[in-house]
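Spelled out from the first residue to the last, the chains are:
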Amino acid sequence: DAKTTQPPSMDCAEGRAANLPCNHSTISGNEYVYWYRQIHSQGPQYIIHGLKNNETNEMASLIITEDRKSSTLILPHATLRDTAVYYCIVRVPRDDKIIFGKGTRLHILP
Amino acid sequence: SAVISQKPSRDICQRGTSLTIQCQVDSQVTMMFWYRQQPGQSLTLIATANQGSEATYESGFVIDKFPISRPNLTFSTLTVSNMSPEDSSIYLCSVRGGEGRYGYTFGSGTRLTVV
């Protein structure tokens, strides 16, 4: 079973920041938080990952709470092309496989 | 990052027949993964395929229904056997090795419709 809980859907206005929450209350000390997204009719795409510190790359920022029981993916300036299903996954990096939960369907509104 | 070519991209098949899906990677990889995505659902891992050994199947998936080949480090096939309409799904292959450390790359998928 997936170790994360995400809201099934969210809306965000174009140009605004999209904040996608994820609960992972049973996360272990050596498990990372990964985010992937799946745009319609495509395979999932890696976005970002982190352990305990906040992370930022060209796509997004990842904010992890101090107790590591939850995190937020931030898309700073959402565009229509960010409409997708976003998956939050926890795993040990050397794990051989990814188990997907249900994800959050993000709708970007024009 | 690795580039995956998956064939066919889509197919419509008669029930009772079998379809073999091919996954070609542009670099050598140890493990390849096969997923199923039923309509409107998330991805479910079918099996992990190592070169030179039997594939490891997840609970609910069996080799007779989803035989997998892994003849070398850049290629794998998944066969969906004796198909029924319930097998209508998108099937995706994936490899470790992509953007970000420990990232995974996914193929674009095979959309299968069984009639």
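For the structure, see preceding data.
Caption draft 1: A look at the sheet that holds strand β8 (residues 75–80) of chain B. Residue and element names in this part refer to chain B. Here four strands make up an open sheet; going across it, the order is β1-β3-β8-β7 and the pairing antiparallel. The open sheet has two edge strands, β1 (4–7) and β7 (68–72), and neither has a second partner. Each neighbouring strand pair of the sheet contributes to a mean axis angle of 15 degrees, computed without reference to strand direction. Sheet analysis places strand β3 (residues 19–25) next to β8, joined by six bridges and oriented antiparallel. In the strand pairing of β8, Q24 is matched with F75.

Caption draft 2: Region of the structure containing the interface of chain A and chain B. Facing 21 residues of chain A, the contacting portion of chain B comprises 21 residues. Roughly 1700 Å² is buried in total at the junction of chain A and chain B, and carbon and sulfur atoms are behind 51% of that figure. Broken down residue by residue, the surface that chain A buries against chain B is led by Y46(A), D96(A) and F100(A), which jointly contribute 27%. Where chain A packs against chain B, one counts one salt bridge. Measuring nitrogen to oxygen at the nearest pair gives 3.0 Å for the salt bridge that ties K97(A) to E58(B). The biggest single contributor to the side of chain A that touches chain B is strand β3 (residues 32–38) of chain A, with three residues.

Caption draft 3: Structural view of the pattern of salt bridges. Residue and element names in this part refer to chain A. Under the definition given, this model contains four salt bridges over all chains. R37 is the partner of D82 in a salt bridge, and the nearest nitrogen-oxygen pair spans 2.8 Å. One end of the pair, D82, is in the loop between β7 (70–75) and β8 (84–91); the other, R37, is in strand β3, with 45 residues separating them in the sequence. The exposure class of D82 is buried, given its relative accessible area of 12%. Given the relative accessible area of 10%, R37 is considered buried.

Caption draft 4: Broad picture of the layout of surface pockets. If you add up the space inside the largest pocket, you get close to 850 Å³. Lining of the largest pocket is provided by 37 residues; of these, Y87(A), Q37(B), G40(B), Q41(B) and S42(B) occupy positions nearest its centre. Of all the secondary-structure elements, those providing two or more residues to the lining of the largest pocket are β8 and β9 (104–109) of chain A together with β4 (31–37), β5 (43–50), β9 (89–96) and β11 (110–114) of chain B. Here the element with the most residues in the lining of the largest pocket is β9(A); it accounts for four residues. Split by residue class, the lining of the largest pocket holds 13 nonpolar, 19 polar and five charged.

Caption draft 5: Layout of the packing of aromatic side chains. Enumeration according to the criterion identifies eleven aromatic pairs over all chains in this entry. Measuring from centroid to centroid gives 6.3 Å for Y36(A) and F100(A), while their planes differ by 70 degrees, and the two rings are edge-to-face. Of this pair, Y36(A) sits in strand β3 while F100(A) sits in the loop between β8 and β9, and the two are 64 residues apart along the sequence. On the basis of relative accessible area, F100(A) is assigned to the buried category, the value being 7%. With 6.2 Å between their ring centres and 80 degrees between their planes, Y36(A) and F106(B) make a pair best called edge-to-face. Of the two residues, Y36(A) is situated in strand β3 and F106(B) in strand β10 (residues 104–106); the pairing between them involves two chains. Here F106(B) falls in the buried class, since its relative accessible area comes to 9%. Chaining the aromatic ring pairs together yields one cluster made of Y36(A), Y46(A), Y87(A), F100(A), Y35(B) and F106(B).

Rules used throughout
Residues numbered from 1 in each chain as written. Chains lettered and ligands numbered in written order. Predicted model: local features only at pLDDT ≥ 70, side-chain atom pairs only at ≥ 80, totals over all residues. Heavy atoms only, no water. Pairing = 2+ DSSP bridges. Helix = DSSP H or I, 4+ residues; strand = E, 2+ residues; numbered from the N terminus. Axes fitted to C-alpha atoms, helices over the stretch in contact; angles between N-to-C directions. Contact = heavy atoms within 4.5 Å. Buried area = accessible area lost by both parts, 1.4 Å probe. Salt bridge = Lys/Arg side-chain N within 4 Å of Asp/Glu carboxyl O. Buried < 20%, exposed > 50% of the residue type's maximum accessible area, 1.4 Å probe, protein only. 1 Å grid on protein atoms, 1.4 Å probe; cavity = no way out; pocket = protein on both sides within 12 Å on 5 of 7 lines; lining within 4 Å. Points joined across faces, edges and corners; volume = space filled by probe spheres on them. Nonpolar A, V, L, I, M, F, W, Y, C, P; charged D, E, K, R; others polar. Phe/Tyr/Trp six-rings, centres within 6.5 Å; stacked < 30°, edge-to-face > 60°.

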